[in-house]
Amino acid sequence: MTIALPLLIALLAPAENTVVIKKLGVPRFAHGLAADQYKSPGEHGLANAFDGDPATVWWLPMPALAESGYTVDVQLAQPVQLDQVRVTLDPPAAPAPTTPAGKKAAPAPAGRPGRLTSVELNFWDKSLSTTYPIYKRSLSLPADRPVADLGIPETARWNSALINDETFGDKRRAKGYGDTVPFPPTIDALTIVVQGVEPGELPPTIAEVQFLLHKAVLPVADLSELKTKQRAFIENGLRHIVEGRYFVGPDRTLQFSYSGGLYEVPAADWAAGKAEDKSRKKLGTWRIEAARLEIQTTGRKWEPVDYTIDEAPGRVLFRTKPVAGEFSVATRAPVPEGATAPASEPAPAPNVNSTPGFEPPPLVE
């Protein structure tokens, strides 16, 4: 049977009012990463909270939550109508693990998990205002309930901040809207602002954020491509920050050479411009593999490095031995007094054009 081209296009196109996410934005590079990003890139990443599958979970990055007003920006490829947003914090209970006879099951992560206690939801219609959301409400997330719903009433009033947008009134009247938000409202973006967090030893989680209309959950277009692009973005950011760089600490400097060598330079030699001196010690080798920064020392297996790179170049933190410590990032070694600075190979620019939908990695030039 032959299918006519217009019909084929219609069959392949997302259904009306399907949620198609084109971008998930966060304030800075590491804010969109999962708490276990360094060892399991993407397994618990940001996109998991919007993929329509409550079994896939986002582990929120704990350092980012320490900042007031931590925000996730969800931009849609096409407007949708909705009258309710549902936030599910905890994933469904997993079945008890089965293991071969005589073997113990892997232990569950130890520690008390943190938990979001309240978020602010901002609903946007960029055809009316690109400066302010059209409607906003806070949503409490009680400890005794894993799921919380925010319903938009039929008499919802416009966001009062819109009075500061001089074009909003004309745009609203041109569409025939009155003093209340049309019901059900049409939005093309949602921002989620974290207002309250109950801290714990383990990171808070969000299993799912869902849009509903007339009590029915709206379908979400497949996010596998977005997840793949996020992994590529993470790898680009890591490579740009690490490859060929010097990490300068109070007692030593680490060098991640372009050839893959991992070296340690004593602080005194670094200050004297002797980064390539015989005192430089090789600690092992390094690589970026499957969006993980890994190191290998003599006689050992490749091991992922636990890192915080959100504040590069001013501050980078490594937590894995033998590179553990706090450092700033330098692109070139100091030049000895009286010497001429050698030509230095520039670091490759991040290929952000290959990862549309994500903010570029932090630059260290």
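In this text the structure is predicted, and so the values were computed from the model without any measurement. (Residues numbered from 1 in each chain as written. Predicted model: local features only at pLDDT ≥ 70, side-chain atom pairs only at ≥ 80, totals over all residues. Heavy atoms only, no water.)

Evaluated as defined, the whole model comprises three cavities of 30 Å³ or more. There is about 70 Å³ of room inside the second largest cavity. Along its surface, the second largest cavity is lined by Ala49, Phe50, Trp58, Leu60, Tyr70, Val72, Leu116, Val119, Ile192, Val194, Ile206 and Val209. Looking at the lining of the second largest cavity, the elements with two or more residues in it are strand E5 (115-124) and strand E8 (186-198). Looking at the lining of the second largest cavity residue by residue, the class counts come to 12 nonpolar, no polar and no charged. (1 Å grid on protein atoms, 1.4 Å probe; cavity = no way out; pocket = protein on both sides within 12 Å on 5 of 7 lines; lining within 4 Å. Points joined across faces, edges and corners; volume = space filled by probe spheres on them. Helix = DSSP H or I, 4+ residues; strand = E, 2+ residues; numbered from the N terminus. Nonpolar A, V, L, I, M, F, W, Y, C, P; charged D, E, K, R; others polar.)

In this description, a pair of aromatic rings is defined by centroid distance and the angle of the planes. Throughout the structure, instances matching the rule amount to 10 aromatic pairs. Aromatic pair Trp58 and Tyr70: ring centres 6.5 Å apart, planes at 45°, arrangement tilted. With a gap of 12 residues between them, Trp58 in strand E2 (residues 58-59) and Tyr70 in the loop between helix H2 (62-65) and strand E3 (71-81) connect regions that are remote in the sequence. Like Tyr70, Trp58 is buried. For the ring pair Phe123 and Tyr135, a centre distance of 5.9 Å and an interplane angle of 35° mean the geometry is tilted. Taken as a pair, Phe123 in strand E5 and Tyr135 in strand E6 (residues 135-140) lie far apart in primary sequence, 12 residues in all. Here Phe123 matches Tyr135 in class, with each residue buried. An aromatic cluster is defined as three or more aromatic residues linked by ring pairs; in this entry it consists of Phe247, Phe256, Trp286, Phe318 and Phe327. Of note, Arg280 hangs over the ring of Tyr263, and the distance from its end group to the ring centre comes to 3.8 Å. The aromatic ring of Trp302 is capped on one face by Arg287, whose charged end is 4.1 Å from the ring centroid. (Phe/Tyr/Trp six-rings, centres within 6.5 Å; stacked < 30°, edge-to-face > 60°. Buried < 20%, exposed > 50% of the residue type's maximum accessible area, 1.4 Å probe, protein only. Lys NZ or Arg CZ within 6 Å of the ring centre and 35° of its normal.)

Turning our attention to unusual backbone geometry. Across the junction of Phe183 and Pro184, the peptide omega takes the value -10°, indicating a cis bond. Within the secondary structure, Pro184 is located in the loop between helix H3 (168-174) and E8. Omega for the bond connecting Lys321 with Pro322 falls within 30 degrees of zero, at 5°, which places this linkage in the cis form. Its identity as a non-glycine residue notwithstanding, His214 has a phi of 55°, on the positive side. Note that His214 resides in the loop between strand E10 (208-213) and strand E11 (216-217). Notably, Lys215 is not glycine yet its phi reads approximately 70°, a positive angle. Considering the arrangement of structural elements, one finds Lys215 in the loop between E10 and E11.

Attention now goes to the pairing of strand E15 (residues 281-289). Here strand E14 (residues 261-266) runs beside E15; their pairing, made up of four bridges, is antiparallel. Within the sheet, the bridge partner assigned to Gly261 lies in E15 and is Thr285. As judged from the five bridges shared by E15 and strand E16 (residues 292-296), these two strands associate in the antiparallel manner. Residue Glu289 lies in a different strand from E16, and its bridge partner there is Arg292. (Pairing = 2+ DSSP bridges.)

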